[in-house]
Amino acid sequence: MTHAVEANADGLIGPTHSYAGLSPGNLASSLNRGEASNPRAAVLQGLDKMKRLADLGLPQFVLPPHERPNIPFLRTLGFAGSDDQVLERAWTDAPSFAAAACSASPMWAANAATVTPSADSADGRVHFTPANLHTNLHRSLEHEQTKRALNALFPDPDRFAVHDALSSVAHLADEGAANHVRLCRDHGEPGVNLLVWGREAFQPWEGPFPARQTREACDAVVRRHGMGRSVLAQQGRAAIAGGTFHNDVVCVGSLDTLFHHELAFEDTDGTRDTIRRAAEGLFDPIFVEVALSDLALADAISSYLFNSMLVRVPGEDRLTLICPTETRDNPRAHAVAEGVASSNGPIGRVDYVDVRQSMRNGGGPACLRLRVVLTDAELAAANAAMRLTDELHGALSVWGATWYRDRLTPADLADPQLLVESRGALDELTQILGLGGGFYPFQRG
Ligand code: SUG
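Keep in mind the model is a prediction, meaning the values are calculated, not measured. (Residues numbered from 1 in each chain as written. Predicted model: local features only at pLDDT ≥ 70, side-chain atom pairs only at ≥ 80, totals over all residues. Heavy atoms only, no water.)

## Details of the overall build of the chain
Basically, it comes down to this: Put simply, DSSP H or I for four residues or longer makes a helix, DSSP E for two residues or longer makes a strand, and each gets a number counted from the N terminus. We compute the radius of gyration from the C-alpha atoms alone; for a globule the expected value is 2.2 Å times N to the 0.38, where N is the number of residues. Type-normalised accessible area, obtained with a 1.4 Å probe on protein chains alone, sets the label of each residue: buried when under 20%, exposed when over 50%, and partly exposed for intermediate values. Whether two residues touch is decided by their heavy atoms; if any such pair falls within 4.5 Å, the residues are in contact. Residue burial considers only the protein chains on display, and all accessible areas are found by Shrake-Rupley using a 1.4 Å probe. His is not counted, nor are the chain ends, whereas Lys and Arg count as positive and Asp and Glu as negative. Working definition for charges: the position is that of NZ of Lys, CZ of Arg, CG of Asp or CD of Glu.
When its secondary structure is counted, the chain shows 18 helices and 15 strands. Relative to its length of 445 residues, the chain is compact, with a C-alpha radius of gyration of 20 Å against a globular reference of 22 Å. Oriented by its inertia axes, the alpha-carbon framework of the chain measures out at about 60 × 45 × 40 Å. Per-residue burial over the chain gives 60% buried out of 445 residues. Long-range pairs, those at least 24 residues apart, make up 75% of the contacts in the chain with a sequence separation of at least 6. When the accessible surface of the chain is summed, it comes to about 16,100 Å², and 49% of that surface belongs to carbon and sulfur atoms. Averaging the coordinates of the 39 positive side-chain charges in the chain and doing the same for the 54 negative ones gives two points 1 Å apart.

What follows is the structure, given as structure tokens:
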């Protein structure tokens, strides 16, 4: 068996982190709309979370924030003149587009791409399909720069295949790894890939909130990655209606264990049977289900119990669940988490991490990271300058504390000085990460 590890690539939180209420169906985003954010605290929280994982012995990489405000996008809408004039005119004539162009949403790297490890792909390379994030305007602006970042992190085309996003149409709406769980006995062995969809492309969708992932998008990713054993499952309709905008709000899995809420899937028994059949000859999946009677869906969503990182810490037999502090602060979710850890099941420990700034936009610990299973040779081929070491953590913490504001209201997004600060920060970041000039559109002139 080839030895492989599960690395994390986290989205570094950008200087325009704000609460603009851009995501219908994401209850935290709607609830906190208009509140003041603290981008400096946000980036430091994200960096500290990355360091926690690196300190546990798991390879940790950094995905750089995107250029925001996104002036090139506003220019495609016909706004012209200097960059300042483009920004000002957009905020006057089309404020909803201007707000979308300012979002720091690329921080949620679980939505960056779907990843297939080499053990599961037909050609033995690691495959990435950046998510088109078609459902929300602000997120649909991410995939090109995401592809650039993934190419910078995984540069060797003999080992890594970074595809284009699927066509950005409603039929192929794709939200990446937030709707994907890979189960296996060991990271280096072939596994079973669970892809969860909310609606079918050619069927009418009725519900209070959008279903962001189509079944057809999952099919297309399976085909283009040459993905081995895959299982497609329908997301629970009641879960979506309750505010589960991605499956990872009610489900997380690692190795042979799937930890999920009772309402996660439309057909829970059928989904489990299909996973068991797909895993035959490889491993015996373990399902840890939390019953609705033990945790209401509203508590699962507000506490983000399931939007946790489920990891095997090197040297430990049982898994560790790394939850947001909101899980600890919710008595019902806390009781469930502690109960899971004290049972004799596969999860042996629960830890808590403070990512409150991101949480208030519906982004928990699991949203902030993209998991990439890498063999030792693939890990060695990844861009070492983007790997979080103590030195890089220190340098980025100073960088964030220097450039980022500690208070930002949605109205401040129109401030032309914010554009100057963001570009200054990103320019320096490209040097820290060794990305070279031209990584960002504003650097290409
Ligand atoms: O897509 N929030 C993100 C949160 C993404 C969470 N990711 C996962 N569950 N994997 C979203 O809804 C809110 C931005 C705002 O309202 O300003 C936002 O985009």
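## Some details on the packing of helix α16 (residues 390-403) against helix α17 (residues 416-432)
Applied cut-off: Note on geometry: axes are lines fitted to C-alpha atoms, helical ones only across the stretch in contact, with angles between N-to-C directions running from 0 to 180 degrees. Oblique is the label for every angle not falling under 35 degrees (roughly parallel), over 145 degrees (roughly antiparallel), or within 65 to 115 degrees (roughly perpendicular). In this scheme the crossing of two helices becomes right-handed for a clockwise turn of the near helix relative to the far one and left-handed for an anticlockwise turn of less than a right angle. Note that Gly is not counted as nonpolar here; it falls among the polar residues with everything else outside the nonpolar set of Ala, Val, Leu, Ile, Met, Phe, Trp, Tyr, Cys and Pro and the charged set of Asp, Glu, Lys and Arg.
Closest axis-to-axis distance for the α16/α17 pair is 10 Å, and the angle between their directions is 165°. Comparing the axis directions of α16 and α17 gives the class roughly antiparallel. Every pair of crossing elements has a handedness; the one defined by α16 and α17 is right-handed. When α16 is examined against α17, the residues Leu 392, Ala 395, Leu 396, Trp 399 and Trp 403 are found in contact with a partner set consisting of Glu 421, Gly 424, Ala 425, Glu 428, Leu 429 and Ile 432. Considered class by class, the residues forming the contact of α16 with α17 number eight nonpolar, one polar and two charged.

## Re the environment of Arg 276
This is how the line gets drawn: Whenever a nitrogen or oxygen atom comes within 3.5 Å of another N or O atom, the pair is scored as a polar contact, on the condition that within protein one atom can donate a hydrogen and the other can accept it, and that pairs from neighbouring residues in sequence are kept only if both atoms are in side chains.
Within the secondary structure layout, Arg 276 lies in helix α10 (residues 268-279). Residues Arg 276 and Ile 286, spaced 10 residues apart in sequence, show a C-alpha to C-alpha distance of 9.1 Å. Non-local contacts of Arg 276, meaning those with residues more than four positions away in its chain, are made with Pro 285 and Phe 287. A distance of 3.0 Å separates polar atoms of two side chains, one belonging to Arg 276 and the other to Asp 273.

## Some words on the pattern of salt bridges
Short version of the rule: Salt-bridge detection follows one rule: a side-chain nitrogen of Lys or Arg within 4 Å of a carboxyl oxygen of Asp or Glu.
As enumerated under the stated definition, the model contains 25 salt bridges in all. Between Arg 125 and Asp 123 there is a salt bridge, and its shortest N-O distance comes to 3.0 Å. Its relative accessible area of 25% is what places Arg 125 among the partly exposed residues. Connected via shared salt-bridge partners are Glu 67, Arg 75, Asp 83 and Arg 423.

## Examining the side chain of Asp 10
Turning to its location among the elements, Asp 10 is positioned in strand β1 (residues 4-11). Since its relative accessible area comes to 1%, Asp 10 is described here as buried. Apart from residues lying up to four places away in sequence, Asp 10 is in contact with Lys 49, Met 50, Gln 60, Phe 61, Val 62, Leu 63, Ala 109, Leu 368 and Arg 369.

## Focus on the pairing of strand β10 (residues 257-261)
The criterion, for reference: Being paired, for any two strands, means DSSP has found at least two bridges between them. Convention used here: a crossover is right-handed provided that the path from the first strand, over the helix, to the second strand proceeds clockwise when the strands point away from the viewer.
The buried count for β10 comes to five of five residues, which makes it a mostly enclosed element. Burial along β10 is two-sided: Thr 257, Phe 259 and His 261 facing one way and Leu 258 and His 260 facing the other are all buried. Examined bridge by bridge, strand β9 (residues 251-254) and β10 share four bridges and lie antiparallel to one another. By the bridge assignment, Gly 253 is partnered in β10 with Leu 258. Linking two consecutive strands that pair antiparallel, namely β9 and β10, is a turn of two residues; a positive phi of about 50° is found at Leu 255 within it. Pairing geometry for β10 and strand β11 (residues 286-290), over five bridges, is parallel. When the sheet's bridge partners are listed, Leu 258 is paired in β11 with Phe 287. Read as a crossover between parallel neighbours, the route from β10 over α10 to β11 is right-handed.

## With respect to the sheet that holds strand β3 (residues 113-116)
With respect to topology, three strands assemble into an open sheet ordered β3-β4-β5, the strand pairing being mixed. Two strands bound the open sheet, and with one partner strand each, they are β3 and β5 (160-162). When strand polarity is set aside, the average angle formed by the axes of neighbouring strands in this sheet is 15°. Taken together, the four bridges between β3 and strand β4 (residues 126-130) define a ladder with antiparallel strand orientation.

## Looking at the site of the ligand
Going by this rule: By convention in these notes, a residue is near a molecule or strand provided one of its non-hydrogen atoms lies within 4 Å of it.
In the vicinity of the ligand there are 21 residues, among which Leu 22, Ser 29, His 138, Asp 248 and Cys 367 approach most closely. Ser 29 has a polar side-chain atom sitting 2.8 Å from an oxygen atom of the ligand. The contact in question runs from an oxygen atom of the ligand to an N or O atom on the side chain of His 138, over 2.7 Å. When isolated, the ligand has an accessible area of 490 Å², and the protein chains bury 100% of it. Partitioned by chemical class, the residues of the shell around the ligand number seven nonpolar, 11 polar and three charged.

## Things to note about the nonpolar core
Note the following rule: Residues belong to a common nonpolar core when they are buried Ala, Val, Leu, Ile, Met, Phe, Trp, Tyr or Cys residues joined through side-chain atoms within 4.5 Å.
Among the nonpolar cores identified, the biggest contains 75 residues, and Leu 12, Phe 128, Phe 154, Leu 194, Leu 258, Leu 370 and Leu 374 are the most heavily contacted of them. Apart from the residues within four sequence positions on either side, Leu 258 is in contact with Val 181, Leu 183, Leu 194, Cys 251, Val 252, Gly 253, Phe 265, Ile 275, Ile 286, Phe 287 and Val 288. Core analysis: the next-biggest nonpolar cluster, separate from the first, contains 22 residues, Phe 259, Leu 319, Leu 321 and Val 340 among them.

## A word on the sheet that holds strand β13 (residues 319-324)
On the basis of which strands lie adjacent, the open sheet formed by three strands has the order β12-β13-β14 and mixed pairing. Whereas interior strands pair on both sides, the edge strands pair on one side only; in this sheet they are β12 (309-311) and β14 (347-353). Averaged over neighbouring strand pairs, the angle between their axes works out to 20° when direction is ignored. Strand direction decides the pairing type here: β13 and β14, joined by six bridges, are parallel. Bridged to Thr 320 within β14 is Arg 349. The sheet contacts of helix α2 (residues 39-55) involve β12, β13 and β14, and relative to β14 the element is tilted by about 150°.

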